[in-house]
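Residues per chain, in single letters:
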Amino acid sequence: MSGRTKQQKGYAMTNEELKMRFSCGEIEAEYENSKWVSLFMQLVFMFVGMYFFWTMLSESTFAGRLDNIAVLFFCLWRIHRQRDIICYAAAKGIIVRRQFMSLSEFYNDQFHEDRNLVFLPYKEIFLISDTWQEIELGHAEDGGIAILPVHLQFLSKKNKQRIIDRIKSEQEKNDEDEYAG
């Protein structure tokens, strides 16, 4: 665990700030998108940025260059953000980046990364979908299942398995505590 600071990789919250905001206990692991997916997306944004930079050079007026400049800055920003942490495993649950559902949420996700973070206690996690784009929360027997759209589909297989193992072990511990108590 690295305990990243605000200056490192443009990250918005330190582990201490996460612990205080979510009351989740110690942050034990951080997960980001697969290195191959991140590299691929950085290359895509680089080529798109290069194309718009090249087309910007042929524009004769500053006003004609503005849209190209905007796309170029967006591409640079996305290249920078590709290695953001999208999931944390903490002592009491996981903290995940929620999928944005509107343009305003997309904006918040770009400039205020911490606003889309959600804490999920281990005991409330019912199922992670096969696509890793949704987490079902609640208890089926109580009739209270809620679906949370998340950004976990690009985690490496190894990290997905670590998250599943962590959730299972904490839920088993929780079940043993309930039977003992």
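Here's what I pulled together on the structure shown here. Given the structure is predicted, the values throughout are model-derived calculations rather than measurements.

Examining the overall build of the protein chain
Item 1. Within the protein chain one finds five helices and seven strands.
Item 2. Helices and strands in the protein chain line up, N terminus first, as α-β-α-α-β-β-α-β-β-β-β-α.
Item 3. Across the protein chain, contacts joining residues at least 24 apart in sequence account for 59% of those joining residues at least 6 apart.
Item 4. Of the roughly 11,000 Å² of accessible surface on the protein chain, 60% is carried by carbon and sulfur atoms.

Re the packing of aromatic side chains
Item 1. Taken as a whole, this structure holds five aromatic pairs when the rule is applied.
Item 2. Arranged with centres 5.3 Å apart and planes meeting at 90 degrees, the rings of Y51 and F52 form a pair that is edge-to-face.
Item 3. A relative accessible area of 25% places F52 in the partly exposed class.
Item 4. Taken together, a centroid distance of 5.0 Å and an interplanar angle of 70 degrees make the contact between F100 and F106 edge-to-face.
Item 5. You can call F100 partly exposed: its relative accessible area is 23%.
Item 6. Overall, the relative accessible area of 24% leaves F106 in the partly exposed class.

A few points about the pairing of strand 2 (residues 85–90)
Item 1. In terms of burial, strand 2 is a largely internal element, six of the six residues being buried.
Item 2. Note that strand 1 (residues 27–32) and strand 2 share five bridges and pair antiparallel. If you follow E30 over to strand 2, its bridge partner there is Y88.
Item 3. One ladder, built from three bridges, connects strand 2 with strand 3 (residues 93–97); its direction is antiparallel. Paired with A89 across the bridge in strand 3 is I94.
Item 4. Here strand 2 hands over to strand 3 after two residues, the two strands then running antiparallel side by side.

Thresholds applied
Residues numbered from 1 in each chain as written. Predicted model: local features only at pLDDT ≥ 70, side-chain atom pairs only at ≥ 80, totals over all residues. Heavy atoms only, no water. Helix = DSSP H or I, 4+ residues; strand = E, 2+ residues; numbered from the N terminus. Contact = heavy atoms within 4.5 Å. Areas by Shrake-Rupley, 256 points an atom, 1.4 Å probe, with all protein chains shown as cover. Phe/Tyr/Trp six-rings, centres within 6.5 Å; stacked < 30°, edge-to-face > 60°. Buried < 20%, exposed > 50% of the residue type's maximum accessible area, 1.4 Å probe, protein only. Pairing = 2+ DSSP bridges.

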